[in-house]
Amino acid sequence: MEIKFLDRSFFQRLFGTPATSKPGTPDCWTYADGKLTVNLKKAPELKKIGGALRFEGGDLPERVLVVFGKDKTYRAYKNRCTHIGHRRLDPVPGTDTVQCCSVNKSTYDQNGKKIYGPAPKPVTPYPTAVKGNRLVVTIS
Ligand code: FES
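Residues numbered from 1 in each chain as written. Predicted model: local features only at pLDDT ≥ 70, side-chain atom pairs only at ≥ 80, totals over all residues. Heavy atoms only, no water.

(A) Up close: the pairing of strand 5 (residues 74-78). For strand 5, the buried fraction is high: 4 of the 5 residues fall into the buried class. Pairing analysis gives 5 bridges linking strand 4 (residues 64-68) to strand 5, with the strands arranged antiparallel. Opposite Leu65, over in strand 5, you have Tyr77 as the bridge partner. Adjacent in sequence and paired antiparallel, strand 4 and strand 5 are bridged by 5 residues, among which Lys72 carries a positive phi angle near 60°. Here 2 bridges tie strand 5 to strand 10 (residues 125-126), and the two strands are oriented antiparallel to one another. (Buried < 20%, exposed > 50% of the residue type's maximum accessible area, 1.4 Å probe, protein only. Helix = DSSP H or I, 4+ residues; strand = E, 2+ residues; numbered from the N terminus. Pairing = 2+ DSSP bridges.)

(B) Here's a closer look at the layout of surface pockets. Estimated volume of the largest pocket: approximately 200 Å³. Lining the largest pocket are 18 residues; nearest its centre among them are Gly50, Ala52, Pro91, Val92 and Pro93. Of the residues belonging to the lining of the largest pocket, the class tally is 9 nonpolar, 6 polar and 3 charged. (1 Å grid on protein atoms, 1.4 Å probe; cavity = no way out; pocket = protein on both sides within 12 Å on 5 of 7 lines; lining within 4 Å. Points joined across faces, edges and corners; volume = space filled by probe spheres on them. Nonpolar A, V, L, I, M, F, W, Y, C, P; charged D, E, K, R; others polar.)

(C) Representation of the sheet that holds strand 1 (residues 29-32). Here we have 4 strands laid out as an open sheet, ordered 1-2-12-11, and antiparallel in their pairing. Of all strands in the sheet, those bounded by a partner on one side alone are strand 1 and strand 11 (128-131). The sheet shows a mean angle of 20° between the axes of neighbouring strands, taken without regard to direction. Bridge analysis of strand 1 against strand 2 (residues 35-39) gives 4 bridges, and the strand direction is antiparallel. Within strand 2, the position partnered with Tyr31 by the bridge is Leu36. (Axes fitted to C-alpha atoms, helices over the stretch in contact; angles between N-to-C directions.)

(D) Here's a closer look at the packing of aromatic side chains. Under the definition given, this model contains 5 aromatic pairs. Between Trp29 and Phe55 the ring centres are 6.1 Å apart and the planes differ by 80°, which places this aromatic pair in the edge-to-face class. Placement of the pair is Trp29 in strand 1 and Phe55 in strand 3 (residues 52-55), with a sequence separation of 26 residues. By the burial criterion, Trp29 is buried, and Phe55 matches it. (Phe/Tyr/Trp six-rings, centres within 6.5 Å; stacked < 30°, edge-to-face > 60°.)

(E) Molecular detail of the side chain of Asn39. Residue position: Asn39 is located in strand 2. Given the relative accessible area of 13%, Asn39 is considered buried. Among the polar contacts listed, one links the side chain of Asn39 to the backbone nitrogen of Lys41, at a separation of 3.0 Å. Non-local contacts of Asn39, meaning those with residues more than four positions away in its chain, are made with Cys28, Asn133 and Arg134. (Polar contact = N/O pair within 3.5 Å; in protein donor to acceptor, adjacent residues only side chain to side chain. Contact = heavy atoms within 4.5 Å.)

(F) Expanded view of the nonpolar core. Counting 20 residues, the largest nonpolar core has Leu36, Val38, Leu46, Phe55, Val64, Val66 and Val137 as the members making the most contacts within it. Secondary-structure elements contributing two or more residues to this core are strand 1, strand 2, strand 3, strand 4, strand 5 and strand 12 (134-138). Broken down by element, this core gets its largest block of residues, 3 residues, from strand 4. Non-local contacts of Leu46, meaning those with residues more than four positions away in its chain, are made with Val38, Leu40, Gly51, Ala52, Leu53, Phe55, Val66, Phe68 and Tyr74. Counting 11 residues, the second-largest nonpolar core is a separate cluster that includes Ala52, Leu89, Tyr108 and Ala119. (Core = buried A, V, L, I, M, F, W, Y, C linked by side-chain atoms within 4.5 Å.)

Structure below.
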């Protein structure tokens, strides 16, 4: 598989600045009983193919990256590269991969398997389900 790299500056990679933003509407998500629930009406970032958001803070036990894939399904990952820097991940446009925002660019396939870079392990994918206007990501 040809690996594509996200177009990021050296300093963005050096400081681990992810391309993916947090939701523009901060109250679009809640976390309870091991589930991250996103109100998709309040998360327009996840309506376009390739769109993504990162969820972190509050009661959420792990950082979570959610991507709306080319197949129009949602994929979610523990947003923590398994390489030593444990930087955040971003989707790579036009692919089904996610990539570490650091200089080493560890890259994972849609199932979380590492396909490039120094990361020693896969990233954890989380199950997703759409219920009406709600996306539910099961974290534990
Ligand atoms: S922290 Fe991801 S490649 Fe180093």
